[in-house]
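Each chain, written out:
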Amino acid sequence: MIQEYINLTNLKEYIHLVETTITNWGAMLWGIPIIVFIIGVGLICTFLFRFVQFKYFFSLWKLLGAMEGKSSEDKNTISPMQAFINALSASLGNGGLAGMAVVLVMGGPGTAFWVFMLGFISMAIRFVEVYGGIVFAQEGYPGPLAYIKELPFGQFFVRFYAFVFFLYIVFAGMSMQTNSIGLSLQKSFGFCPIRIGVGFALLFLYILLGGSRRIMKASEYIIPIKVFLFFIGIIILLVYHHANIIPAFYLVMDQAFTTNAIVGGVAAYTMQRAITVGFSKALNATEVGVGTAGIFFGATESKAPLKTSIISMLTAFISTNLVCAAIIFAIVTSGVSLTSGATSTELVIIAFETVIGKFAGPAVTFLSFAFGIGVIVAYTFLGYKIWEFL
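These numbers come from a predicted model, not from an experiment. (Residues numbered from 1 in each chain as written. Predicted model: local features only at pLDDT ≥ 70, side-chain atom pairs only at ≥ 80, totals over all residues. Heavy atoms only, no water.)

Participant: Residue-level account of the overall build of the protein, with values.
Facilitator: Looking only at helices and strands, the protein features 18 helices and 0 strands. Counting the 390 residues in the protein, one finds 49% classified as buried. Within the protein, contacts between residues separated by at least 24 positions form 82% of all contacts whose residues are at least 6 apart in sequence. Only carbon and sulfur atoms are counted for the fraction: they give 71% of the accessible area of the protein, which is about 19,500 Å². (Helix = DSSP H or I, 4+ residues; strand = E, 2+ residues; numbered from the N terminus. Buried < 20%, exposed > 50% of the residue type's maximum accessible area, 1.4 Å probe, protein only. Contact = heavy atoms within 4.5 Å. Areas by Shrake-Rupley, 256 points an atom, 1.4 Å probe, with all protein chains shown as cover.)

Participant: I'd like a description of the packing of helix α13 (residues 245-257) against helix α16 (residues 305-334), backed by residues and values.
Facilitator: Two elements in contact, α13 and α16, have axes whose closest approach is 9 Å; the angle formed by their N-to-C orientations is 120 degrees. Overall, the two elements α13 and α16 adopt an arrangement that is oblique. Pair α13 / α16 crosses with right-handed handedness. Residues Ile 245, Ala 248, Phe 249, Leu 251 and Val 252 of α13 pack against Phe 329, Val 332 and Thr 333 of α16. (Axes fitted to C-alpha atoms, helices over the stretch in contact; angles between N-to-C directions. Parallel < 35°, antiparallel > 145°, perpendicular 65-115°, else oblique. Left-handed = near helix turned anticlockwise from the far one by under 90°.)

Participant: An account of the confidence of the model for the protein is requested, with residue identities and associated values reported.
Facilitator: Per-residue pLDDT for the protein has a mean of 79; in total, 79% of the residues score no lower than 70. Per-element averaging of pLDDT across the protein places helix α14 (residues 264-286) at the bottom with 58 and helix α3 (residues 52-55) at the top with 92. Here residues 1-6 is modelled with pLDDT under 50, and outside its nearest four sequence neighbours on either side it reaches 0 contacts, counting other chains as well. Confidence over residues 260-269 falls short of pLDDT 50; this stretch has 3 contacts with residues more than four positions distant or in other chains. (pLDDT = per-residue confidence, 0-100.)

Participant: I'd like a description of empty space enclosed by the protein, backed by residues and values.
Facilitator: Inspection of the entire model under this criterion finds 1 cavity of 30 Å³ or more. Reported here for the largest cavity is a volume of approximately 80 Å³. Every element with two or more residues in the lining of the largest cavity is listed here: α12 (211-240), α16 and α17 (344-356). No other element matches the 4 residues that α12 contributes to the lining of the largest cavity. Its residues assigned to classes, the lining of the largest cavity comprises 10 nonpolar, 1 polar and no charged. (1 Å grid on protein atoms, 1.4 Å probe; cavity = no way out; pocket = protein on both sides within 12 Å on 5 of 7 lines; lining within 4 Å. Points joined across faces, edges and corners; volume = space filled by probe spheres on them. Nonpolar A, V, L, I, M, F, W, Y, C, P; charged D, E, K, R; others polar.)

Participant: Quick rundown of the packing of aromatic side chains? Include the residues and the values.
Facilitator: For the coordinates displayed, the defined rule picks out 22 aromatic pairs. Ring centres of Phe 47 and Phe 51 lie 5.2 Å apart, and the angle between their planes is 80 degrees; on these two criteria the pair is classed as edge-to-face. A relative accessible area of 54% places Phe 47 in the exposed class. By relative accessible area, Phe 51 is classed as partly exposed at 38%. Seen in terms of ring centroids, Tyr 168 and Tyr 379 are 6.3 Å apart; in terms of plane orientation they differ by 40 degrees. Their pairing is tilted. Separated by 211 residues along the polypeptide, Tyr 168 in helix α10 (residues 154-189) and Tyr 379 in helix α18 (residues 360-389) bring together distant segments of the chain. The pair Tyr 168 / Tyr 379 is uniform in exposure class, with both members buried. The ring of Phe 389 is capped by Arg 159, whose NZ or CZ atom sits 4.6 Å from the centre of that ring. (Phe/Tyr/Trp six-rings, centres within 6.5 Å; stacked < 30°, edge-to-face > 60°. Lys NZ or Arg CZ within 6 Å of the ring centre and 35° of its normal.)

Participant: Would you mind going over the side chain of Ser 312 in detail, with residue names and values included?
Facilitator: Within the secondary structure, Ser 312 sits in helix α16. A polar atom in the side chain of Ser 312 sits 2.5 Å from the backbone oxygen of Ser 309. The contacts of Ser 312, once residues within four sequence positions are left out, are Arg 126, Phe 127, Val 130 and Phe 297. (Polar contact = N/O pair within 3.5 Å; in protein donor to acceptor, adjacent residues only side chain to side chain.)

Participant: So, helix α8 (residues 111-135): which residues are in play, and what are the values?
Facilitator: The end-to-end C-alpha distance of α8, which contains 25 residues, comes to 35 Å, matching closely the 36 Å that a straight helix rising 1.5 Å per residue would cover. At Ile 121, α8 shows its strongest bend, of approximately 30 degrees. Burial analysis of α8 places 20 of its 25 residues in the buried class, which makes it a mostly covered element. (Expected span 1.5 Å × (residues − 1). Bend = angle between axes of the 7 residues up to and from the residue.)

Participant: Describe the pattern of salt bridges, and please don't skip the residues or the numbers.
Facilitator: What the rule picks out here adds up to 2 salt bridges. For Glu 129, the salt bridge is made with Arg 126, and the minimal N-O distance between the two is 2.9 Å. Of this pair, Glu 129 and Arg 126 both sit in helix α8, separated by 3 residues, roughly a single helical turn. Note on accessibility: Glu 129 and Arg 126 belong to one class, buried. When the shortest N-O distance is used, the salt bridge between Glu 150 and Lys 149 registers 3.6 Å. (Salt bridge = Lys/Arg side-chain N within 4 Å of Asp/Glu carboxyl O.)

Participant: Mind laying out the nonpolar core, listing which residues take part and the relevant values?
Facilitator: Core analysis: the biggest nonpolar cluster contains 93 residues, and Phe 296 and Ile 331 have the highest contact counts within it. Take this core: its biggest share by element is 16 residues, from α16. If we ignore the near neighbours within four places in the chain, the residues touching Phe 296 are Ile 78, Ala 83, Asn 86, Ala 87, Ala 90, Ala 378, Phe 381 and Leu 382. (Core = buried A, V, L, I, M, F, W, Y, C linked by side-chain atoms within 4.5 Å.)

Participant: Could you give an account of α17, with specific residues and numbers?
Facilitator: The first and last C-alpha atoms of α17 sit 19 Å apart over 13 residues, in line with the 18 Å expected at 1.5 Å per residue. Within α17 the residues assigned to the buried category are Thr 345, Leu 347, Val 348, Ile 349, Ala 351 and Phe 352. Of the residues one or two after α17, Gly 357 is the one with positive phi, at around 60 degrees.

Participant: Report on the environment of Gly 335, specifying residues and quantitative values.
Facilitator: Examined against the element boundaries, Gly 335 turns out to sit in the loop between α16 and α17. For the pair Gly 335 and Ala 351, spaced 16 residues apart in sequence, the C-alpha separation works out to 7.7 Å.

See the structure below:
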């Protein structure tokens, strides 16, 4: 009995050590240097492609309406519209819903401004990753794998990227979403975790056995529902708290540049936190530059890479500017306390409780479920493609 207790204690200490190590590494990697690198890449893409995100911004919506919706007879080829829907779905998960609440608590209201600015930078990066995935597309090399192969020591980097990306799909994608959904279902409705896990396993199996077409079919049902519910919820919250919109806007701008900070050091630290936390969490939520969109659009075998790449920028704009920034701003507008200790989905629920009371919990849980399922379906396709390569 004593030995079992000692072993359990050692295991807990080991897990705590691993968590601390990962947290420290994450804090180091997502510091000022990586933010400067990301902004630099975004600006380079912007200048090299002549401010493509601004030049075609008002044409994006018209091009989207004219996008081809039907895929070819090849069951592993998808249409540009299906690629758009799934690229958008992959970037609209619980990392955006719950993650932006975490961003707000960690970085303050000013993060809404920096997340919004990131949207325009990320649009240029999204254009480049999709354009490369289509132009360099080769049989057996999905998305970014096709152009990574052209680098010196390309075969090594392709294998390394594919292996790391597959781990990303399993742990950062599938596991995070299923965990978020599972916790919500368990907390709100008392569902058994084992049954939830079995349910997800059966869902994955059903989708995988149907190939790309079944994955796309599932996405076409899920994406419109979750996007519609999200924006309806945000609009209701903002309309209810309409008197707070202007003060919230001033607060966001003030905190973004800390114009009222008394001590210069505090101002610099607050602004740094707003930028680094906002950028890092938003990039993780929207996946710009990771290669997911390149795989989706690369599978279309599009004959118009420039047009398709321009349209793909909308996925970055919607997920970053219209979703991530909107969540932060809506919570600020609701007037809920950011120092109560509440964060993640809990803070989102508290914000919506100011409008719909006790119905906020089930409503946000359902929205979290819809967001998570959409990402899972999209990531099933990504995992399917990478596993085929490996």
